Amino acid sequence: MASLLHPSQTSNPYNLKPGEVSSGTTIMAVPFKGGVVLGADSRVSTGTYVANRASDKIAQLTENIFCCRSGSAADTQALTDYVKFYLQQWEVESGRPATVKVAAHLMRKICYQNKDNLSAGVIVAGWDPVSKGQVYNIPLGGTCIEMKCAIGGSGSTYIYGLTDALYKENMGKQETLDFVKKSISHAMARDGSSGGIIRTCVVTEDGVEREYIPGNKLPYGP
Amino acid sequence: MASSGSGYDLSPTTFSPDGRIFQVEYASKSVASSGTLIGLKCSDGIVLACEKLLANKMLVPGSNKRINTVSKTSGCAFTGFVSDGRQIVNRAREEASSYLDTYGIPVPPSVLADRLAHYVHYFTLHGALRPFGASMVLGCYEEDMDEASLYMVEPSGQVFKYFGCAAGKGRQGAKTEIEKLDLSTLTVAQGVKEAARIVTMLRDDGKDKPMELEISTVAAENNYVHKPCEKSVIAEAEKWAKEQIEEEEDMEEDED
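Labelled according to an unreviewed UniProt entry, chain B appears under the name Proteasome subunit alpha type, originating from Triparma strigata. What UniProt records for chain B under Function (unreviewed entry) is the sentence "The proteasome is a multicatalytic proteinase complex which is characterized by its ability to cleave peptides with Arg, Phe, Tyr, Leu, and Glu adjacent to the leaving group at neutral or slightly basic pH. The proteasome has an ATP-dependent proteolytic activity." The UniProt entry for chain B carries this comment under Subunit (unreviewed entry): "The 26S proteasome consists of a 20S proteasome core and two 19S regulatory subunits."

Going by the annotation in an unreviewed UniProt entry, the name recorded for chain A is Proteasome subunit beta, with Triparma verrucosa given as the source organism. Taken verbatim from the UniProt record of chain A, the Catalytic activity (unreviewed entry) comment is "Cleavage of peptide bonds with very broad specificity." Within the UniProt record for chain A, the comment given under Function (unreviewed entry) is "Component of the proteasome, a multicatalytic proteinase complex which is characterized by its ability to cleave peptides with Arg, Phe, Tyr, Leu, and Glu adjacent to the leaving group at neutral or slightly basic pH. The proteasome has an ATP-dependent proteolytic activity."

Chemist: Any details on the pairing of strand β1 (residues 27–32) of chain A? Residues and values, ideally.
Modeler: Residue and element names in this part refer to chain A. Where burial is concerned, most of β1 is hidden: five out of the six residues are buried. With six bridges joining them, β1 and strand β2 (residues 35–40) adopt antiparallel strand pairing. Counterpart to V30 in the pairing with β2 is V37. Sheet analysis places β1 next to strand β10 (residues 150–152), joined by three bridges and oriented antiparallel. Paired with I27 across the two strands is G152, which belongs to β10.

Chemist: Could you give an account of the sheet that holds strand β10 (residues 226–228) of chain B, naming the residues involved and the relevant values?
Modeler: Residues and elements named next belong to chain B. Reading across from one edge, β8-β1-β2-β9-β10 is the order of the five strands in this open sheet, with antiparallel pairing throughout. One side of each edge strand has no neighbouring strand; the edge strands of this open sheet are β8 (164–167) and β10. Averaged over neighbouring strand pairs, the angle between their axes works out to 15 degrees when direction is ignored. The pairing of strand β9 (residues 211–219) with β10 spans three bridges and is classified as antiparallel. Note that in β10 the partner of T217 across the bridge is K227. Together, β1 (37–42) and β8 form the strand contacts of helix α4 (residues 171–180), whose direction differs from that of β8 by roughly 165 degrees.

Chemist: Give me the sheet that holds strand β5 (residues 58–62) of chain A: which residues, what numbers.
Modeler: All names here are of chain A. Strand order across the open sheet formed by five strands is β5-β6-β7-β8-β9, with antiparallel pairing between neighbours. Of all strands in the sheet, those with a lone pairing partner are β5 and β9 (145–146), marking the two edges. Direction of pairing for β5 relative to strand β6 (residues 65–71): antiparallel, over a ladder of four bridges. Following the sheet pairing, A59 is matched in β6 by C67. Set on the sheet, helix α1 (residues 73–94) makes contact with β5, β6 and β7 (120–128); between it and β5 the angle comes to about 20 degrees.

Chemist: Outline the nonpolar core, listing residues and values.
Modeler: Among the nonpolar cores identified, the biggest contains 47 residues, and L61(A), L87(A), M107(A), V124(A) and L138(B) are the most heavily contacted of them. Sequence-distant contacts of V124(A), defined by excluding residues within four places in its chain, comprise L61(A), I65(A), F66(A), C67(A), V100(A), A103(A), A104(A), M107(A), Q134(A), V135(A), Y136(A) and I138(A). In terms of nonpolar packing, the next biggest core, distinct from the first, is built from 25 residues, V47(B), L181(B), L183(B) and V188(B) among them.

Reading the values: rules and limits
- Residues numbered from 1 in each chain as written.
- Chains lettered and ligands numbered in written order.
- Predicted model: local features only at pLDDT ≥ 70, side-chain atom pairs only at ≥ 80, totals over all residues.
- Heavy atoms only, no water.
- UniProt positions renumbered as here; feature names shortened; annotations may be inferred.
- Buried < 20%, exposed > 50% of the residue type's maximum accessible area, 1.4 Å probe, protein only.
- Helix = DSSP H or I, 4+ residues; strand = E, 2+ residues; numbered from the N terminus.
- Pairing = 2+ DSSP bridges.
- Axes fitted to C-alpha atoms, helices over the stretch in contact; angles between N-to-C directions.
- Contact = heavy atoms within 4.5 Å.
- Core = buried A, V, L, I, M, F, W, Y, C linked by side-chain atoms within 4.5 Å.

Written out as structure tokens, the structure is:
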């Protein structure tokens, strides 16, 4: 019998098929004054088996727009490939870099139109010269919401309180980066399907900086 | 006409030996013989103005519009075959709304102009189609770039971006008049008057022929929303235009 619970409240939050690879996942993105910070854990699991312990859940859509993936690995990879392709076409037709808003809208459209067949929760974030750093959260149903701090994936449920408490307006780049690293560390500690290392990505006008924190150097605890 | 009877003017799919496509040229002829249409890119927006020749004195004023709204911040005016023009307007509206649906932002003017040009050009490629007998002037504003721009699409499918453009019967005279204006400092409010002056000035000698002046703007003072001008504004512009023209004529007489 079909569960009456909301998908996020069952033990199988993304309604994955047997054997399907999930990115279990904790993902996060926060804009700051000069750009945006994205972060993600690295665990990919099939049930209790860790299929990949150092995966990259931050996909690049254009030069300065990125996307954190959660849910089915196959679905989110296919989705980002489509959006990447449409954005390339958009850039050729318009003759300028795509905006984060357009990227998020395209992602939303595909997620919404195929909502019955997809298990994908993504966060689109990046920097563009028109609206600077922005973050759009696109959860399961295909809504698209611009946010000041977006979290997603199974691990995010453990850190709603933490992120609410730690978030401050007008944070600088380093402060935002530390906030993201700390939040994801705490999610990874509690969530069985999040773990491995933390990958982060900072997008500003000057370009992209990617780094990672090894699993034994996580900023967990007070 | 040199082309007629040669057999090279029967289809837009046939080039003449000297590399021309007569069917497209004939289509341009039908534009060249219809009401004058001008577009101005002013310092704070766009002005579109159109001379609508009335075939019948019993037509209701304001009917059979030649200036139409395509989307919130873009308008277009056409001259030539009215029904052909309306077909292009319809396409422009479809392109604008489908773009908004797909990308979540209003269509950039350059993209809209490009797509319309593709559409018009397509009709010059097939033996089963005929080219459009209308020229289309687009006045649009793009929020992302904070820029208002002016484009004209011709029956051949050519499109250019202009500071000022003209089509129809009085286009030559209109172009020389537009060149005399300082478009970098001219405001939309002044542009409306100048446009009225240019269109009125270039009317045929039979000035008692019934006509209606249509003017619209995409102006900063209206948040760049495309708006047809109020009847009172047009009437005032026309009055000012006639005074200016009379003054000029008086001066010329004095010189003689």
